[in-house]
Structures are given as C-alpha cells and as structure tokens.
There are 2 protein chains.
Amino acid sequence: MRITAKADYAVRAAAVLAAAVPGVPVKGEAIATAQHIPLNFLENILRELRRAGIVRTQRGADGGYLLAVGPETVTVADVIRAVEGPLAEIQGERPEQLHYDGAATALADVWIALRANIRSILENVTLGDIARGQLPESVQMLVDDPDSWKARIR
Amino acid sequence: MRITAKADYAVRAAAVLAAAVPGVPVKGEAIATAQHIPLNFLENILRELRRAGIVRTQRGADGGYLLAVGPETVTVADVIRAVEGPLAEIQGERPEQLHYDGAATALADVWIALRANIRSILENVTLGDIARGQLPESVQMLVDDPDSWKARIR
DNA sequence: ATGATCTCAACAAATTTAGTTGACAAAGTG
DNA sequence: CACTTTGTCAACTAAATTTGTTGAGATCAT
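Student: Sorry, what's going on with the interface of chain A and chain B here?
Tutor: The figure often quoted for interface size is the accessible area lost as the parts come together. Each partner contributes residues to the interface: chain A has 63 residues there, and chain B has 63 residues. Of the roughly 5,600 Å² buried between chain A and chain B on both sides combined, carbon and sulfur atoms contribute 62%. Together, Met1, Ile3 and Gln91 of chain A form the three largest contributors to the area buried by chain A at its contact with chain B, with a combined 13%. Inspection of the region where chain A meets chain B yields two salt bridges. For arginine 152 of chain A, the salt bridge identified is with glutamate 123 of chain B, shortest N-O distance 3.1 Å.

Student: What is the right way to look at the nonpolar core in this model?
Tutor: Generally speaking, nonpolar side chains in soluble globular proteins are found buried as a group. By size, the foremost hydrophobic cluster in this structure holds 108 residues, and its most contacted members are Trp111, Ile118 and Leu122 of chain A together with Trp111, Ile118 and Leu122 of chain B. In contact with tryptophan 111 of chain A, not counting residues within four places along its chain, are Ile90, Pro95, Leu98 and Tyr100 of chain A together with Ile3, Asp8, Ile80 and Leu122 of chain B.

Student: Just to check I follow, could you spell out the protein's contact with DNA strand D for this structure?
Tutor: Taken together, 26 residues sit near DNA strand D, with Lys27, Arg47, Arg50 and Arg59 of chain A together with Arg59 of chain B positioned nearest. Expressed as a percentage, the sugar and phosphate content of the atoms of DNA strand D within 4 Å of the protein is 76%. Lysine 27 of chain A is positioned such that a nitrogen or oxygen atom in its side chain is 3.0 Å from a phosphate oxygen of DNA strand D. The side chain of arginine 50 of chain A places a nitrogen or oxygen atom 2.7 Å from a phosphate oxygen of DNA strand D. Mapped onto the surface near DNA strand D, the elements with two or more residues apiece are helix H3 (39-51), strand E2 (55-58) and strand E3 (64-67) of chain A together with helix H1 (5-19) and helix H3 (39-51) of chain B. Per-element accounting of the surface near DNA strand D gives the leading share, four residues, to H3 of chain A. Residue composition of the surface near DNA strand D, grouped by class: seven nonpolar, ten polar and nine charged.

Each value, and the rule that gives it
- Numbering of residues starts from 1 in each chain and follows the order in which that chain's sequence is written.
- Going through the entries in the order they are written, you letter the chains from A and number the ligands from 1.
- Per-residue local features are limited, in this predicted model, to residues with pLDDT of at least 70; the limit for side-chain atom pairs, both in listing and counting, is 80 or more; totals at the level of whole chains, interfaces and linings are taken over all residues.
- Hydrogen atoms and water are omitted, and side-chain values are computed over all heavy atoms in the structure.
- By the convention used here, residues are in contact when the closest approach between their heavy atoms is within 4.5 Å.
- Here's the idea: put two parts together, see how much 1.4 Å probe accessible area each one loses, and the total over both is what we call buried area.
- Salt-bridge detection follows one rule: a side-chain nitrogen of Lys or Arg within 4 Å of a carboxyl oxygen of Asp or Glu.
- Working definition of a nonpolar core: buried Ala, Val, Leu, Ile, Met, Phe, Trp, Tyr and Cys residues. They are joined through side-chain atoms within 4.5 Å.
- Note on exposure labels: buried denotes an accessible area under 20% of the residue type's maximum, exposed denotes more than 50%, and partly exposed covers the range between, all computed with a 1.4 Å probe on protein chains only.
- For each residue, the test is whether any non-hydrogen atom lies within 4 Å of the molecule or strand; if one does, the residue is near.
- Think of a polar contact as two N or O atoms within 3.5 Å of one another; within protein, one of them needs to be a possible hydrogen donor and the other a possible acceptor, and neighboring residues in sequence only count if both atoms come from side chains.
- Under the DSSP-based scheme used, a helix requires at least four consecutive residues in state H or I and a strand at least two consecutive residues in state E, with every element numbered from the N terminus.
- Residue type decides the class: Asp, Glu, Lys and Arg count as charged, Ala, Val, Leu, Ile, Met, Phe, Trp, Tyr, Cys and Pro as nonpolar, and the leftover types, Gly among them, as polar.

Encoded structure:
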C-alpha cells in the first residue's frame with residue numbers, strides 16, 4: 001500500500017494552485033521549486049491533471065497553471081485517480097470484481113471494507129482543506145489520536 | 001494504493017492454514033492448488049511467513065505448513081507486514097516521517113489519517129475471521145453499505 | 001536408503017516508477 | 001513581424017519492483 005512519488009507530487013502541486021490567488025496563473029517552475037519537484041516530471045503530471053479537468057493552463061509569458069474549478073470541489077481522491085487510476089486495486093483488479101475460493105472467500109469483503117475506509121479519508125479532504133491547513137473534523141480526529149502516529153514494529 | 005499479488009497470496013495461504021485442522025500440516029501443493037497460486041512463488045512467501053513467526057513447517061513425508069499461533073491472534077496486517085513491510089508508505093517513507101512545505105503542509109496529516117483508517121480494517125480482521133467467514137461488526141458494516149461497492153467512475 | 005517435502009540462493013522476464021530530452025505550439029511584448 | 005516565455009507532447013531511458021522460475025540441497029518418516 002504505497003503512495004507513489006507521482007501521486008504525492010500531484011496532490012502537492014494541486015495544493016499550491018489551491019492556495020494561489022484565484023485567476024492568476026502559477027508558473028510550473030514556481031510550483032517545482034516551492035515543492036522540490038523535478039520540473040519536467042511535474043509538467044507531465046500537470047498535463048494529466050488538465051486532461052482530467054482539474055487544472056487549466058495559460059501559455060506564453062505570464063502564463064502558468066490554475067485550478068479549473070473551486071478548491072473546495074476537488075478532493076485528494078480526484079487528484080490521485082487522475083494520475084494513477086483507481087484508488088485501491090488488488091492484483092490490478094477492482095475490489096468488487098474479485099472472487100476467492102474456499103478458506104479465502106471472505107477476503108473479498110475485507111478488500112471492499114479497506115477501500116471504503118481509504119475513500120472515507122481521501123474523498124473527504126479537498127484541496128481547499130489542505131491549502132487552508134484545516135482538515136475535516138472526522139479526519140482531524142484521527143490525526144489527534146496518538147495511536148495514529150505510532151510506527152508498528154514488525 | 002495497490003495490494004500486490006504477493007500480499008494477496010500471503011493472506012489467502014494463511015487463511016487456508018487457519019481453516020485447517022489444528023496440528024495437521026498442509027502441503028504447499030495443497031495450498032497452491034486450492035488458491036491457484038504458483039507453487040514456487042508460494043514457497044517463497046510461506047518461508048517469509050515462517051521467518052515472521054506466523055507459520056511453522058514440518059519437513060519430509062506428511063510434512064507441510066501450519067500456523068505457528070492461534071488463528072485469532074494473527075491479523076491481516078501482520079501477514080502483509082511480514083511479506084511487504086510497512087502497511088502504508090509515501091515515496092518509501094513512513095507517514096510520520098514526512099514534512100511538507102508551504103501549501104502542502106497539511107498533507108502530512110492526511111497521510112497519517114489515511115494510514116490510521118487502513119489499520120482500522122487490516123489490524124482488526126484476523127485469519128480466524130476470514131477462515132470462519134465472519135468479519136468483525138465494524139468491518140461488516142462497511143461491507144453492507146451499498147456505497148462501498150460502487151466503482152467511482154473517473 | 002529412499003522418497004516426499006521444505007530451504008535457499010540465484011536468476012530473469014515483465015512491468016512500473018521516476019524521470020529526461022528535444023522538437024513544437026501558443027501567447028504576449030516590442 | 002521577430003522574439004521570448006511558457007506550456008505540449010511523444011519518445012526515450014535507467015532503476016526498482018513485481019512476479020515469478022530453476023536447481024541444488026537439507027531434513028524427516030518409514
């Protein structure tokens with residue numbers, strides 16, 4: 001269960017746009033230096049966000065990238081899906097398409113529940129939330145629980 | 001956020017052992033055919049589960065694999081950690097070790113909350129639960145919610 | 001001893017990840 | 001118009017990860 005560099009970069013770049021003055025384009029290079037993201041790679045990512053309708057672009061001098069929609073209407077899940085596809089996959093299949101035999105039959109339900117819990121975080125945090133530094137209460141409750149911060153030693 | 005074939009195989013193999021008659025070894029080949037897992041790959045995985053103290057082995061004729069501990073004391077999270085390392089990583093780092101700048105500062109908390117929600121499923125389902133086909137109520141509630149089954153169209 | 005079974009290191013093909021490169025297109029400025 | 005700035009895009013690539021396979025060996029019960 002890993003978040004790739006690409007997905008992480010995408011959310012961070014989108015957060016920068018969410019925090020920018022509305023209507024004023026932010027240059028790719030400004031995003032790259034602010035978030036320490038390789039510029040060329042970032043441009044690939046921003047182009048995918050544009051194709052997904054999350055980002056708008058302006059070419060030429062004084063050009064750059066802008067959010068295509070309001071920061072409160074785009075969730076982290078939207079951004080990740082735009083660059084990586086489905087939020088949760090098991091061996092490349094969506095959880096609801098699996099079927100297991102014998103002793104493992106109930107495992108399919110575990111994956112369904114897992115995806116539901118992943119969604120309940122990623123679909124409830126918007127770019128605006130991140131840019132403002134104010135997460136929804138249901139998410140903040142988890143952050144405030146000391147247990148959430150403990151690394152489980154293997 | 002994907003579950004690899006290896007992690008999926010590991011949980012399914014462990015579920016087979018959890019469902020077996022206690023004390024009687026199950027042959028690798030029996031697990032492989034029951035769950036449609038390539039035998040050689042499965043043996044690699046079972047060896048890792050043995051090193052993690054989850055599985056016990058018996059060599060020779062009438063040998064095979066057994067759970068080293070009670071099925072109710074091993075969680076899905078334990079099995080996945082044994083073969084894949086930490087449950088949730090962002091760019092190879094644990095969530096609590098991240099720090100972001102500027103507009104993305106709050107993103108670190110999102111990853112913490114995400115891991116907490118992943119754990120609340122995977123650390124609360126045991127191999128016994130899966131083998132019996134009876135998941136904990138908090139997990140089953142999510143499975144019973146029709147929303148959990150909908151594929152989000154991108 | 002013998003056959004069944006697990007052990008282990010090494011190898012390897014395919015895929016994914018994380019980028020880089022270079023030619024091009026559009027927008028604004030002088 | 002020429003020129004600079006910026007995004008667009010396809011193609012390429014190195015490294016890591018995933019998903020296995022192979023073959024020689026160790027161990028156990030009979």
